[in-house]
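Coordinates in review
Residues per chain, in single letters:
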Amino acid sequence: MADVELYGMSASTFSHRIEIALKIKGVAYEYVEEDLQNKSQNLLQYNPIYEKVPVLIHEGKPLLESLIILKYIDETWKDPPLLSNDPYNRSRVRFWANFINQTVCVICISCHIGTTNQ
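Residues numbered from 1 in each chain as written. Predicted model: local features only at pLDDT ≥ 70, side-chain atom pairs only at ≥ 80, totals over all residues. Heavy atoms only, no water.

The protein has the name Glutathione S-transferase in an unreviewed UniProt entry, where Acorus gramineus is given as its organism. According to the UniProt record, the Sequence similarities (unreviewed entry) comment for the protein reads "Belongs to the GST superfamily." Of the protein, the UniProt comment under Catalytic activity (unreviewed entry) reads exactly: "RX + glutathione = an S-substituted glutathione + a halide anion + H(+)". (UniProt positions renumbered as here; feature names shortened; annotations may be inferred.)

Right, here's the structure in full:
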């Protein structure tokens, strides 16, 4: 088992945000692709409440929910910080992250629903 593992799904923007943060921080990790239609026993064990991705495993301990995982990554691996020390710059980053969540995620969900209903 690697020191850091990420259980994710290639179509999940929530998984991608964790991958981006790990790459910014220079953290080596093992990626495990999950099929949410056929969930692995590891995913069910690590996230028995929601049974979804992303799940970050660090030193054998699971972390759940992408925003919580992002905060953990930023607090655990200090440099470089994910957000600026300047409040204005932080607010701009948060605005664009929210914009992406509201637009790209909605488009991805709409496309996914469209393909599963055919």
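Moving on from the model shown.
Here we come to the packing of aromatic side chains. This model, assessed by the stated rule, comprises five aromatic pairs. Taking 4.9 Å as the distance between ring centres and 80° as the angle between the ring planes, the aromatic pair formed by Phe-95 and Trp-96 counts as edge-to-face. Centre to centre, the rings of Phe-95 and Phe-99 are 6.5 Å apart; their planes meet at 20°, and the pair counts as stacked. Note that Phe-95 and Phe-99 are positioned in helix α4 (residues 87-116) at a spacing of four residues, about one turn of the helix. Classification of Phe-95 by relative accessible area gives partly exposed; the value is 47%. Between Lys-52 and the ring centre of Tyr-50, over which it is positioned, the NZ or CZ distance is 5.0 Å. (Phe/Tyr/Trp six-rings, centres within 6.5 Å; stacked < 30°, edge-to-face > 60°. Helix = DSSP H or I, 4+ residues; strand = E, 2+ residues; numbered from the N terminus. Buried < 20%, exposed > 50% of the residue type's maximum accessible area, 1.4 Å probe, protein only. Lys NZ or Arg CZ within 6 Å of the ring centre and 35° of its normal.)

The subject of this paragraph is the layout of surface pockets. Quantified by volume, the largest pocket comes out at close to 800 Å³. Lining the largest pocket are 20 residues, with Arg-17, Leu-67, Leu-70, Val-93 and Ala-97 sitting closest to its centre. For the lining of the largest pocket, the secondary-structure elements that each account for two or more residues are α1 (13-25), α3 (66-76) and α4. With seven residues, α4 is the single largest residue contributor to the lining of the largest pocket. Partitioned by chemical class, the residues of the lining of the largest pocket number 11 nonpolar, four polar and five charged. (1 Å grid on protein atoms, 1.4 Å probe; cavity = no way out; pocket = protein on both sides within 12 Å on 5 of 7 lines; lining within 4 Å. Points joined across faces, edges and corners; volume = space filled by probe spheres on them. Nonpolar A, V, L, I, M, F, W, Y, C, P; charged D, E, K, R; others polar.)

Turning next to a nonpolar patch on the surface. There is a patch of nonpolar side chains on the surface, built from Phe-95, Trp-96, Phe-99 and Ile-100 and spanning about 420 Å² of accessible area. By the secondary structure assignment, Trp-96 is in helix α4. (Patch = residues over 30% accessible without salt bridge, like charges linked within 9 Å, V, L, I, M, F, W, Y side chains within 5 Å. Areas by Shrake-Rupley, 256 points an atom, 1.4 Å probe, with all protein chains shown as cover. Salt bridge = Lys/Arg side-chain N within 4 Å of Asp/Glu carboxyl O.)

Let us look at the sheet that holds strand β2 (residues 30-33). As summarised here, the arrangement of the four strands in space is β2-β1-β3-β4, forming an open sheet in which the pairing is mixed. Each edge of the sheet is formed by a strand with only one pairing partner; in this case those strands are β2 and β4 (61-64). Sheet twist, expressed as the mean angle between neighbouring strand axes with direction ignored, is 20°. When strand β3 (residues 55-58) meets β4, the two strands line up antiparallel, connected through four bridges. (Pairing = 2+ DSSP bridges. Axes fitted to C-alpha atoms, helices over the stretch in contact; angles between N-to-C directions.)

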